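Residue-level structural notes
The lines below spell out each chain.
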Amino acid sequence: MLAKATTERHWKPDRWSGRVGFFLNTDDFARDHKLFTERGVKFREQPRNMAYGTVVVFEDVYGNTWDLIQPKEYDDKFVEAVITGGMVGLGTVGSPARLL
């Protein structure tokens, strides 16, 4: 065992205080949303079109919440501002389907 939870907050799936804990970028939202649905992934909402891209919240097998997101194209200055502003995700995977 590498670490043991000392309080309930350390292991509860809601440890992100109601926010999404992880981000999974895709280059084809429709393809990956369909694949996740076919494989029984639990979605917490319907897909949304936002100013920054298409997104939906889903849960992994441990109850952690993720954003599946296909970002809109932005210039390098915008991307740098997002990164330096503390909004950090897992990066672009290409096809998250490879992870399933």
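The coordinates are above.
Note that the structure is a prediction, hence the values are computed from the model and not measured.

The rules we used
Residues numbered from 1 in each chain as written. Predicted model: local features only at pLDDT ≥ 70, side-chain atom pairs only at ≥ 80, totals over all residues. Heavy atoms only, no water. Salt bridge = Lys/Arg side-chain N within 4 Å of Asp/Glu carboxyl O. Helix = DSSP H or I, 4+ residues; strand = E, 2+ residues; numbered from the N terminus. Buried < 20%, exposed > 50% of the residue type's maximum accessible area, 1.4 Å probe, protein only. Arc of directions from axis to C-beta. Contact = heavy atoms within 4.5 Å.

1. Some details on the pattern of salt bridges
One pass over the full model with this rule turns up six salt bridges. As a salt-bridge pair, K34 and E38 come within 3.4 Å of each other at their nearest N and O atoms. Note that K34 and E38 are positioned in helix α1 (residues 29-38) at a spacing of four residues, about one turn of the helix. Side by side, K34 and E38 carry an identical accessibility label, which is exposed. When the shortest N-O distance is used, the salt bridge between K42 and E59 registers 3.7 Å. Taken together, the residues K42 in strand β2 (residues 42-43) and E59 in strand β4 (residues 53-59) connect sequence positions 17 residues apart. Here the salt bridges share partners, and the residues they tie into one network are D27, R31 and D32.

2. Regarding α1
Among all positions of α1, only F29, D32, H33, L35 and F36 are buried. Burial along α1 is one-sided: seen end-on, the buried residues are contained in an arc of 165 degrees. For α1, exposure combined with an orientation more than 90 degrees from the buried face picks out A30, K34 and E38. Considering only its buried residues, α1 is in contact with β1 (22-25), β2, β4 and β5 (65-71). Residue G40 follows α1 closely and has a positive phi angle near 85 degrees.

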